[in-house]
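Breakdown of the fold
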Amino acid sequence: MPLPPALRTLLRTTPTVAPVPHRAVLSITGSQAAEFLNGLTAASVPGHPQSHFYSAFLHAQGRVLHDIFIYAHTTPSGRSGYLVEYDSRPSEAPPLIPMLKRYILRSKVKLQDVTEEYDVWAAWGSENEKHWETERHWDFARSGVIEPVWDKDGEWPWGSAPGVLRDRRAVGMGHRLLVRKGDRPQEASTHDVASSDDYLLHRILLGVPEGVDDIPPMQAFPMDSNMDVMGGLDFRKGCYVGQELTVRTYHTGQLRKRILPVALHKPGESIASTDKPSQDVPSLTPQLEIRPQAVQSSDESAPRPRARGTGKLLSSIRGVGLALLRLEQVEAVEQGRARFSLTSGEGQEWGVTPYWPDWWPQKPEEAE
């Protein structure tokens, strides 16, 4: 199911800028900074020293420790380095700086926490994005992995302007901005200034997971978390921490889960037939179980969805959220053979309806 009309009313289509909360920034400098990062990130460090990118640090068993944005950076002394932006909230993952220090050994690399120097903002909806947000092309693996295919002769997809990263995780995400602590970005003079909740709503509607609530450290696998589709993984690069399982899944595995945006509503209500999202859904805590339930059918030959396993609600706000769901159960819901529900901490039941974002890749035969 595509984005329901009731949820389209939540999309902000005017130029908007909003702060992104709970972000930390780490500076990595030194003559071997690029080689150091390339041995740890799940995407390749760009050959051009001024190019930004998006990726993750994984642990040895292939689960995500941190989803990260990496900005190419020039120090005041004129040396090239990187600024790594990540979720600052406590989690099961080991603290990032001590973890990275274990890998320095004799590398000529310096790490420094510069969180107190920067704020992170997001900007979207500007006409300026249209010149680089061109039609996407995709590579589909038999395992279910999907990769964006960037134009090798075109501009670097994630941008190279200082402190301004083109957020290519999904069409419509706009830019990500590193701004001096306490300052507002230049865009604040020409854009609507919104809240961090508005940014959360924006990325949920576009189906973009981010941070510890959506990609739980030490638990989440990168492809289940859509990091392949969002351009954060390179399945052809050399050795890095967590490579073995990631590459093996790409070649011989089968993806069985994905993070999808969901509408939250009263049980029995059809989000497809309403003209506005449910206003009654309370604030829900992440990691609530989403249960599949078979729908009674007069056709006894129709396959019944397996009840094995449950989904997980991740971030949510204003009646929409992100959820980690089994694909076979999503298919059963789309075919009317099942429905999803969850029970809030107060014991109230809510219906859960997944949908596929407008930008989600379709194989050529599916698009016809």
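These numbers were taken from a predicted model, which means no experiment stands behind them. (Residues numbered from 1 in each chain as written. Predicted model: local features only at pLDDT ≥ 70, side-chain atom pairs only at ≥ 80, totals over all residues. Heavy atoms only, no water.)

Every buried residue belonging to helix H7 (residues 327-334) is among Gln 329, Val 330, Ala 332 and Val 333, and all of these are buried. For H7, the arc enclosing every buried residue in end-on projection is 160 degrees, short of the 170-degree limit, so these residues lie on one face. Its buried side turned inward, H7 meets strand S13 (257-265), strand S14 (289-294), strand S16 (320-326), strand S17 (338-343) and strand S18 (349-354). Phi turns positive, to about 80 degrees, at Gly 336, one or two residues after H7. (Buried < 20%, exposed > 50% of the residue type's maximum accessible area, 1.4 Å probe, protein only. Helix = DSSP H or I, 4+ residues; strand = E, 2+ residues; numbered from the N terminus. Arc of directions from axis to C-beta. Contact = heavy atoms within 4.5 Å.)

Buried residues dominate strand S4 (residues 64-74), accounting for ten of its eleven residues. With six bridges joining them, strand S3 (residues 53-58) and S4 adopt antiparallel strand pairing. Pairing of Leu 58 across the sheet is with Val 64, part of S4. Linking two consecutive strands that pair antiparallel, namely S3 and S4, is a turn of five residues; a positive phi of about 85 degrees is found at Gly 62 within it. When S4 meets strand S5 (residues 80-87), the two strands line up antiparallel, connected through six bridges. When the bridges of S5 are listed, Ala 72 appears paired with Tyr 82. (Pairing = 2+ DSSP bridges.)

What follows covers the pattern of salt bridges. Oppositely charged side chains can pair when the atoms bearing their charge come close. A complete count under the given rule lists 21 salt bridges for this structure. When salt bridges that share partners are traced, they join Arg 23, Glu 85, Asp 167, Arg 169, Arg 176 and Glu 210 into one network. (Salt bridge = Lys/Arg side-chain N within 4 Å of Asp/Glu carboxyl O.)

We now examine the nonpolar core. Core analysis: the largest hydrophobic core is formed by 68 residues, its most contacted members being Leu 26, Ile 28, Phe 36, Phe 57, Leu 100 and Leu 111. Contributing elements (two or more residues each) for this core: strand S2 (23-29), helix H2 (33-38), S3, S4, S5, helix H3 (96-104) and strand S7 (118-124). Residue contributions to this core peak at six residues, all from S4. Those residues in contact with Phe 36 that lie beyond four places of it in its chain are Ile 28, Leu 100, Tyr 103, Ile 104, Val 109 and Leu 111. (Core = buried A, V, L, I, M, F, W, Y, C linked by side-chain atoms within 4.5 Å.)

In this section: the domain arrangement of the protein. By domain assignment, the protein separates into domain 1 (5-252) and domain 2 (257-354). The centre of domain 1, based on its C-alpha atoms, is set 29 Å off from the matching centre of domain 2. Listed per partner, the contact involves 27 residues of domain 1 and 21 residues of domain 2. The largest per-residue losses of area from domain 1 upon contact with domain 2 belong to Ala 6, Ile 204 and Asp 224, which jointly make up 30% of the total buried on that side. Counting the contacts that link domain 1 with domain 2 gives one salt bridge. (Domains from an automatic or database assignment. Buried area = accessible area lost by both parts, 1.4 Å probe.)

Pairing within the open sheet is mixed, and its five strands lie in the order S10-S11-S7-S1-S12. Taken across any chain shown, the strands that pair with only one partner, and hence form the sheet edges, are strand S10 (164-166) and strand S12 (192-193). Summarising the sheet, S10 and strand S11 (residues 175-180) pair through three bridges and their orientation is antiparallel. Bridging from a neighbouring strand, Val 164 pairs with Leu 177 of S11. Together, strand S1 (16-19), S7 and S11 form the strand contacts of helix H4 (residues 196-205), whose direction differs from that of S7 by roughly 50 degrees. (Axes fitted to C-alpha atoms, helices over the stretch in contact; angles between N-to-C directions.)

Along the chain, Glu 85 turns up in strand S5. The exposure class of Glu 85 is buried, given its relative accessible area of 0%. Side-chain polar atoms of Glu 85 contact the side chain of Tyr 71, separated by 2.7 Å. There is a polar contact of 2.8 Å between the side chain of Glu 85 and the side chain of Arg 176. (Polar contact = N/O pair within 3.5 Å; in protein donor to acceptor, adjacent residues only side chain to side chain.)

What follows is about unusual backbone geometry. Backbone geometry places Leu 105, a non-glycine residue, at a positive phi of 50 degrees. Tracing the sequence through the fold places Leu 105 in the loop between H3 and strand S6 (110-113). Backbone geometry places Gln 287, a non-glycine residue, at a positive phi of 80 degrees. Its location among the elements puts Gln 287 in the loop between S13 and S14.

What follows covers the packing of aromatic side chains. Taken as a whole and judged by the stated rule, the model has eight aromatic pairs. A centroid spacing of 4.5 Å and a plane angle of 20 degrees characterise the contact between Phe 235 and Tyr 250, whose relative ring orientation is stacked. One end of the pair, Phe 235, is in the loop between helix H5 (211-214) and helix H6 (243-252); the other, Tyr 250, is in helix H6, and 15 residues separate them in sequence. For Tyr 250, a relative accessible area of 11% translates into the label buried. Summarising the aromatic geometry, the rings of Trp 356 and Trp 360 are spaced 5.3 Å apart at their centres and angled 55 degrees between planes, so their arrangement reads as tilted. Connected via pairs of aromatic rings, a cluster forms that spans Tyr 54, Phe 69, Trp 150 and Trp 158. The cationic tip of Arg 169 hangs over the ring face of Tyr 54; the distance from NZ or CZ to the ring centre is 5.8 Å. (Phe/Tyr/Trp six-rings, centres within 6.5 Å; stacked < 30°, edge-to-face > 60°. Lys NZ or Arg CZ within 6 Å of the ring centre and 35° of its normal.)

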